[in-house]
Amino acid sequence: MLRLDDLDAPGPTPTETLTLDNWYDAIVRVVEWSGPLPTHLVARADHRFLADLVRFTHRLECPTTLTTTAVGLTQRRADELVDCGLERVAVRVAGVTDATQQAVLGESVADTRRAIAALFAARVSRGAPLDIVLEVPFDARTGSELRALHEEARTVGVDGVRVAAPWRGGPFGAGELDALAWHASQPEPFRRTPAELLEAVRAWKGDGPGAARVRGTCPVGALRLEILPDGSLQSCPFKGDRARVADTMAPAWEALAAHRTAIRGCDRACSHPQLTA
């Protein structure tokens, strides 16, 4: 994962120190070490490096996806991202009213509608198989508008809706849990939220990220590597001991040994989609 912006990630936002060439070098180091990997970017739509990094990862044969904002997702930017090889985009949306959109995301309903229209126009004009998904950061405010949001999403023709559980959460009230249960009952593939999410959120007690793990160990340490805008590496945002991209990845991976050990020993089961993207 390439995190250009924090959006709503836990912990302090690392200071952006990587230049575009630094980002390129870091990506090359990882691909030389592991081969092409599915690459997910988290960035505001108007980030100055976004299109260049989508193009670069696509040219390295890494399947490339994006979680982004509606603001800044103009027609020009949508065309550019599709031309650069973007395969899937999740646009964050809170609801169908400006009050909820503004409170949760600082955006308007009109911003979201313009962004979705721009993505559709880019997909059609380029003949590209772009997958367009709405991502709902879940809480009491967005839960109250989840059904209406589904209806609007089907009306405009997006490919799916997914709920993003908070990084830390719970316990949710009956209204929020009812909204999640309704969402979980919707048919796939339009519903993009894993069915397991509902049970995980039901189990949240507000005592940490995710819910208490009932079996197994967390796989994030072996399956996920995130590059942050200051050049540091991590697999889990809740564990310390970050490393830095090196001339070769072997020493950087070794430097994350304590990080991976802490992840294996964690007794929480987290549900945020950025941990599974």
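Whatever comes next refers back to the structure up there.
Just so it is clear, the model here is predicted, and its values are computed rather than measured.

Novice: Lay out the pairing of strand β2 (residues 39-42) with the relevant residues and their values.
Specialist: Alternating residues of β2 divide into T39 and L41 and H40 and V42, and every residue in both groups is buried. In this structure, strand β1 (residues 2-3) lies alongside β2, joined through two bridges in parallel fashion. Bridged to R3 within β2 is V42. Bridge count between β2 and strand β3 (residues 64-68): four bridges; the pairing is parallel. Residue pairing across strands places L41 opposite L66, the latter belonging to β3. At this point the chain moves from β2, through helix α2 (residues 50-59), to the parallel β3, and the crossover so formed is right-handed.

Novice: Requested: an account of the environment of T64, with residues and values cited.
Specialist: Along the polypeptide, T64 turns up in strand β3. On the accessibility criterion, T64 (0% relative accessible area) is buried. Separated by 26 residues in the primary sequence, T64 and P38 have C-alpha atoms spaced 6.2 Å apart. When neighbours within four sequence positions are excluded, T64 is seen to be in contact with T39, L41, V54, T57, H58, L86, E87 and R88. There is a polar contact of 3.0 Å between the side chain of T64 and the side chain of T57. Of note is the side chain of T64, whose polar atom sits 2.7 Å from the backbone oxygen of C62.

Procedures and definitions
- Residues numbered from 1 in each chain as written.
- Predicted model: local features only at pLDDT ≥ 70, side-chain atom pairs only at ≥ 80, totals over all residues.
- Heavy atoms only, no water.
- Buried < 20%, exposed > 50% of the residue type's maximum accessible area, 1.4 Å probe, protein only.
- Helix = DSSP H or I, 4+ residues; strand = E, 2+ residues; numbered from the N terminus.
- Pairing = 2+ DSSP bridges.
- Right-handed = clockwise from strand over helix to strand, strands pointing away.
- Contact = heavy atoms within 4.5 Å.
- Polar contact = N/O pair within 3.5 Å; in protein donor to acceptor, adjacent residues only side chain to side chain.

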